[in-house]
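What follows is the residue order along each chain.
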Amino acid sequence: MTQVKNQPTTKRSVLLPTLLFLSPSLILLVVFFIGPVIMTVFFSFTDFSLTGTTAREVSFVGFDNFTNLFKDHRFFSSVNATWIFLLASGIIGQQLLGFVVAFLMQRKNKLFRKVVGATIMAGWVTPELIVAISFVTLLHDGGTVNALLGSLGFNPVSWLYEYPMISVVIANIWQGSALSMLMFQSALDSIPDALYEAAEIDGAGPWKRLLHVTLPVIKGTIFTNLVIITLSTLGVFTLLYTMTGGGPVGRTSTLPVFMYEQAFVNYRLGYGTAIALVILVFGILLSLIYIRLLRVKND
């Protein structure tokens, strides 16, 4: 009876130190994540701007921002650019390159893995602005790539004007593939050698071992990596804006670039936060789709 009576007191005594221990993390979570999300939702339903009377007197406009957004052809152009950029540089580019590099380094000697890993990691730890400036230097009309093409007898190419999406996709793949490589490298190293040996005894070649052993074992890592890549790629702004400014003619104006232009160039902060909310919803929906697909695969 004494133990039963003391049980609630024991739980409370454990709960209080736990909350105190977690309080710094909870405060940071509220201030830097939950708080901004709540403010984004609130301002997306207002006419708040950075200049004029609406900067002083904010009015609630309901769904007007979203109604105007879905009537704006620039929004659909930005959605199209976002999907192309996400699919090419994130879902396919970073995922595929990261896996290929990790797969080729599998069971190689430690020195080789360290050199290759450090080289690829250099791109990941480089600030996005520096990466963008570096690729502008490489790809502009008088840049390094055209200098090399000229030395081989080819005419120079205006990469950032004629092929802007390809240029920013390559830059984002170069920077972001390191994370995929690290995740896949860890997953591949955890696969027991016995599985490969058993498959080889059964007559499975390299291609069948990849399809029927490697990929099924690391499918959890694949979907986890997809979620991370999708969310990070949806938020890419500095790279795009520095390299192309969203141009030419809006061809690389993804949703983050479009949001910035509306909120801080046109000073329509309420309209800009409505776009930010759409980006947030896109990220959540895609994440839920990945999780659902993973559950279906497991079943």
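Residues numbered from 1 in each chain as written. Predicted model: local features only at pLDDT ≥ 70, side-chain atom pairs only at ≥ 80, totals over all residues. Heavy atoms only, no water.

(A) Quick look at unusual backbone geometry. The omega torsion across Gly247 and Pro248 is -10°, close enough to zero to call that bond cis. Among the secondary structure elements, Pro248 is positioned in the loop between helix 12 (238-243) and helix 13 (255-265). Phi at Val249 is positive, roughly 55°, even though this residue is not glycine. Among the secondary structure elements, Val249 is positioned in the loop between helix 12 and helix 13. Positive phi, close to 65°, is recorded for Tyr267, a residue that is not glycine. In this structure, Tyr267 sits in the loop between helix 13 and helix 14 (269-298). (Helix = DSSP H or I, 4+ residues; strand = E, 2+ residues; numbered from the N terminus.)

(B) Up close: the packing of helix 5 (residues 128-139) against helix 8 (residues 164-189). At a closest axis distance of 10 Å, the pairing of helix 5 and helix 8 adopts a crossing angle of 135°. In terms of their interaxial angle, helix 5 and helix 8 are classed as oblique. Classified by chirality, the crossing of helix 8 by helix 5 is right-handed. Side by side, helix 5 and helix 8 meet where Glu128, Val131, Phe135 and Leu139 of the first sit next to Ser167, Ile170, Ala171, Trp174 and Gln175 of the second. Grouping the constituent residues of the contact of helix 5 with helix 8 by class yields six nonpolar, two polar and one charged. (Axes fitted to C-alpha atoms, helices over the stretch in contact; angles between N-to-C directions. Parallel < 35°, antiparallel > 145°, perpendicular 65-115°, else oblique. Left-handed = near helix turned anticlockwise from the far one by under 90°. Contact = heavy atoms within 4.5 Å. Nonpolar A, V, L, I, M, F, W, Y, C, P; charged D, E, K, R; others polar.)

(C) Representation of the confidence of the model for the protein chain. Mean pLDDT over the protein chain: 86, with 94% of residues reaching 70 or higher. The spread of mean pLDDT over the elements of the protein chain runs between helix 1 (residues 2-43), the lowest at 74, and helix 12, the highest at 94. (pLDDT = per-residue confidence, 0-100.)

(D) Structural detail: the nonpolar core. Counting residues in each nonpolar core, the largest one holds 20 residues, and the members touching the most others are Phe66, Leu69, Phe75, Leu255, Ile275 and Tyr290. Only helix 2 (64-69), helix 3 (73-105), helix 11 (219-234), helix 13 and helix 14 provide two or more residues apiece to this core. Residues in contact with Ile275, not counting those within four places in the same chain, are Leu69, Leu255, Phe258, Met259 and Gln262. (Core = buried A, V, L, I, M, F, W, Y, C linked by side-chain atoms within 4.5 Å. Buried < 20%, exposed > 50% of the residue type's maximum accessible area, 1.4 Å probe, protein only.)

(E) Local environment of the packing of aromatic side chains. Scanning all chains against the criterion turns up 18 aromatic pairs. Geometrically, the ring pair formed by Phe70 and Phe75 is edge-to-face, given 5.2 Å between the ring centres and 75° between the ring planes. A residue is classified by how much of its surface remains accessible, and Phe75, at 2% relative accessible area, is buried. Here the aromatic residues Phe45, Phe60, Phe63 and Phe66 are joined through ring pairs into a cluster of three or more. Positioned over the ring face of Tyr271 is Arg268, at 4.0 Å from the centre of the ring. (Phe/Tyr/Trp six-rings, centres within 6.5 Å; stacked < 30°, edge-to-face > 60°. Lys NZ or Arg CZ within 6 Å of the ring centre and 35° of its normal.)

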